[in-house]
Amino acid sequence: MLSAWASKFFKDEMWTTEMGQVIGLHYFKERGYREDIIKKFELGYSPDNWTALVDAATKAGFHPDYLKEIGLAIERDDKSLYDRFRGRVMFPIHNLTGRVIGFGGRTLKTDKKVPKYVNSPESDIYHKSDVLYGLNLRKSNYGGG
């Protein structure tokens with residue numbers, strides 16, 4: 001439930017905010033992604049803010065521990081949380097039934113100190129070796145067409 005909520009948060013940030021459109025949506029369109037493909041894969045944008053997702057999720061009633069457990073947030077030494085994927089275009093990872101179980105995020109910064117890609121860590125719901133990105137969108141009829 002939290003992963004699905006986060007996926008919607010990232011999509012909404014990209015489609016309904018100025019920064020999401022200028023940075024996130026522009027990035028995808030600049031690389032030739034059509035809007036129907038962006039929507040089909042439920043791509044999004046995470047604001048370049050330390051606690052945008054943490055704050056919104058807490059306000060929506062999600063317990064901060066769950067944000068940490070599924071890898072959406074990272075805990076500081078003082079036990080406060082910050083967003084793992086801040087300032088990145090977002091690729092939700094789905095299981096075969098279409099449930100969001102993790103995320104991949106790509107930075108748009110050119111700073112060599114910032115990792116280009118950040119992925120959800122292994123968790124109770126996400127096991128990297130068990131998932132092939134986009135497989136949930138396969139055709140149910142393998143006979144062609």
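Residues numbered from 1 in each chain as written. Predicted model: local features only at pLDDT ≥ 70, side-chain atom pairs only at ≥ 80, totals over all residues. Heavy atoms only, no water.

Let's talk about the overall build of the protein chain
Helix and strand counts for the protein chain stand at 5 helices and 6 strands. The order of helices and strands in the protein chain, counted from the N terminus, is α-α-α-β-α-α-β-β-β-β-β. Taking the principal axes of the C-alpha coordinates as reference, the protein chain spans close to 55 × 35 × 30 Å. Pairs at least 24 residues apart make up 59% of the contacts formed inside the protein chain by residues separated by at least 6 positions. Carbon together with sulfur atoms contributes 52% to the accessible area of the protein chain, which is approximately 8800 Å² in total. (Helix = DSSP H or I, 4+ residues; strand = E, 2+ residues; numbered from the N terminus. Contact = heavy atoms within 4.5 Å. Areas by Shrake-Rupley, 256 points an atom, 1.4 Å probe, with all protein chains shown as cover.)

Notes on the packing of helix α1 (residues 2-16) against helix α2 (residues 18-30)
In the contact formed by α1 and α2, the axes pass within 5 Å of each other and the chain directions differ by 95 degrees. What the angle tells us is that α1 and α2 run roughly perpendicular. Of the residues in α2, those in contact with Glu13, Met14, Trp15 and Thr16 of α1 are Glu18, Gly20, Gln21, Gly24, Leu25 and Phe28. (Axes fitted to C-alpha atoms, helices over the stretch in contact; angles between N-to-C directions. Parallel < 35°, antiparallel > 145°, perpendicular 65-115°, else oblique.)

Quick notes on the sheet that holds strand β5 (residues 100-107)
In space, the 4 strands of this open sheet follow the order β1-β4-β5-β6, with antiparallel pairing throughout. Of all the strands in the sheet, just β1 (44-46) and β6 (117-119) have a single pairing partner and so form its edges. Averaged over all pairs of adjacent strands, the angle between strand axes in this sheet comes to 35 degrees, irrespective of strand direction. Two strands pair when backbone bridges link them, and strand β4 (residues 88-94) and β5 are joined in this way by 7 bridges, in the antiparallel orientation. Bridge pairing in β5 links arginine 88 to threonine 107. Relative to β5, α1 is tilted by about 35 degrees, and along the sheet it contacts β1, β4 and β5. (Pairing = 2+ DSSP bridges.)

Brief notes about the packing of aromatic side chains
Per the counting criterion, the structure on display carries 9 aromatic pairs. For the ring pair phenylalanine 9 and phenylalanine 10, a centre distance of 5.7 Å and an interplane angle of 70 degrees mean the geometry is edge-to-face. Considered together, phenylalanine 9 and phenylalanine 10 belong to a single accessibility category, that of buried residues. One aromatic cluster is present, built from ring pairs that chain together Trp5, Phe9, Phe10, Phe62, Phe85 and Phe103. Between lysine 39 and the ring centre of tryptophan 15, over which it is positioned, the NZ or CZ distance is 5.0 Å. Above the face of the tryptophan 50 ring, arginine 86 is positioned so that its terminal group lies 3.6 Å from the ring centre. (Phe/Tyr/Trp six-rings, centres within 6.5 Å; stacked < 30°, edge-to-face > 60°. Buried < 20%, exposed > 50% of the residue type's maximum accessible area, 1.4 Å probe, protein only. Lys NZ or Arg CZ within 6 Å of the ring centre and 35° of its normal.)

Description of the side chain of glutamate 13
Looking at where glutamate 13 falls in the secondary structure, it is placed in helix α1. One buried charged residue, glutamate 13, forms no salt bridge at all, with the nearest opposite charge on lysine 8 at 10 Å. Glutamate 13 has contacts with Gly20, Tyr45 and Pro47, leaving out every residue within four places of it along the chain. (Lys, Arg positive; Asp, Glu negative; His and termini not counted. Salt bridge = Lys/Arg side-chain N within 4 Å of Asp/Glu carboxyl O.)

Things to note about the confidence of the model for the protein chain
For the protein chain, mean pLDDT is 90; residues scoring 70 or higher make up 95% of the total. The element-level mean pLDDT for the protein chain is lowest in β6, coming to 91, with β1 highest at 98. Below a pLDDT of 50 lies the segment residues 141-145, which in the model reaches 1 contact outside its immediate sequence neighbourhood of four places, other chains included. (pLDDT = per-residue confidence, 0-100.)

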